[in-house]
Amino acid sequence: MSDPTIPPSVLKAAKRGFIRTTAQSYSTALAGGISAAVIITTIQGGQPDWVALAVTAGVAVVSPLLAGSASFLSILAKGVPADYLAAE
């Protein structure tokens with residue numbers, strides 16, 4: 001049987017990096033998105049700007065997934081970070 005292209009330890013670390021980065025990014029994006037929604041509504045005199053709110057919500061949903069994907073691909077390309085090796 002041939003060796004896998006990506007060693008299991010690297011794949012496991014990449015998955016952990018994806019989950020960790022995505023979760024951290026969601027906490028930041030949601031807090032920023034809620035703040036932006038409140039500010040936009042306040043500026044509009046209590047009437048929400050639905051386009052701005054939709055764009056803000058879209059960014060809050062998509063950007064953490066992109067950050068997690070970047071972490072995943074970075075670990076696949078560069079190997080397991082030293083912090084993750086200590087946890088093993």
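Each remark here, short or long, concerns the structure printed above.
Here the structure is a predicted model, which is why all the values come from computation and not from measurement.

A. Expanded view of the nonpolar core. V10, A13, A14, I75 and Y84 together form the largest nonpolar core, which totals 5 residues. With 3 residues, helix α1 (residues 8–43) is the single largest residue contributor to this core. The contacts of I75, once residues within four sequence positions are left out, are V10, A13, A14, G17, V80, P81 and Y84.

B. Geometry of helix α2 (residues 50–78). An ideal rise of 1.5 Å per residue puts 42 Å on 29 residues; α2 measures up with 42 Å between its terminal C-alpha atoms. Within the span of α2, buried status applies to L53, T56, A60, P64, G68, S71 and I75. The positive-phi residue at the C-terminal boundary of α2 is G79, with phi of around 95°.

C. Structural view of the packing of α1 against α2. Contact geometry for α1 and α2: axes closest at 7 Å, N-to-C directions at 160°. The orientation of α1 with respect to α2, classified from their angle, is roughly antiparallel. α1 and α2 meet at a crossing whose hand is right-handed. Grouping the constituent residues of the contact of α1 with α2 by class yields 20 nonpolar, 10 polar and 1 charged.

Cut-off values and rules
- Residues numbered from 1 in each chain as written.
- Predicted model: local features only at pLDDT ≥ 70, side-chain atom pairs only at ≥ 80, totals over all residues.
- Heavy atoms only, no water.
- Core = buried A, V, L, I, M, F, W, Y, C linked by side-chain atoms within 4.5 Å.
- Buried < 20%, exposed > 50% of the residue type's maximum accessible area, 1.4 Å probe, protein only.
- Helix = DSSP H or I, 4+ residues; strand = E, 2+ residues; numbered from the N terminus.
- Contact = heavy atoms within 4.5 Å.
- Expected span 1.5 Å × (residues − 1).
- Axes fitted to C-alpha atoms, helices over the stretch in contact; angles between N-to-C directions.
- Parallel < 35°, antiparallel > 145°, perpendicular 65-115°, else oblique.
- Left-handed = near helix turned anticlockwise from the far one by under 90°.
- Nonpolar A, V, L, I, M, F, W, Y, C, P; charged D, E, K, R; others polar.

Bear in mind that shape data such as this cannot, by itself, settle questions of function.
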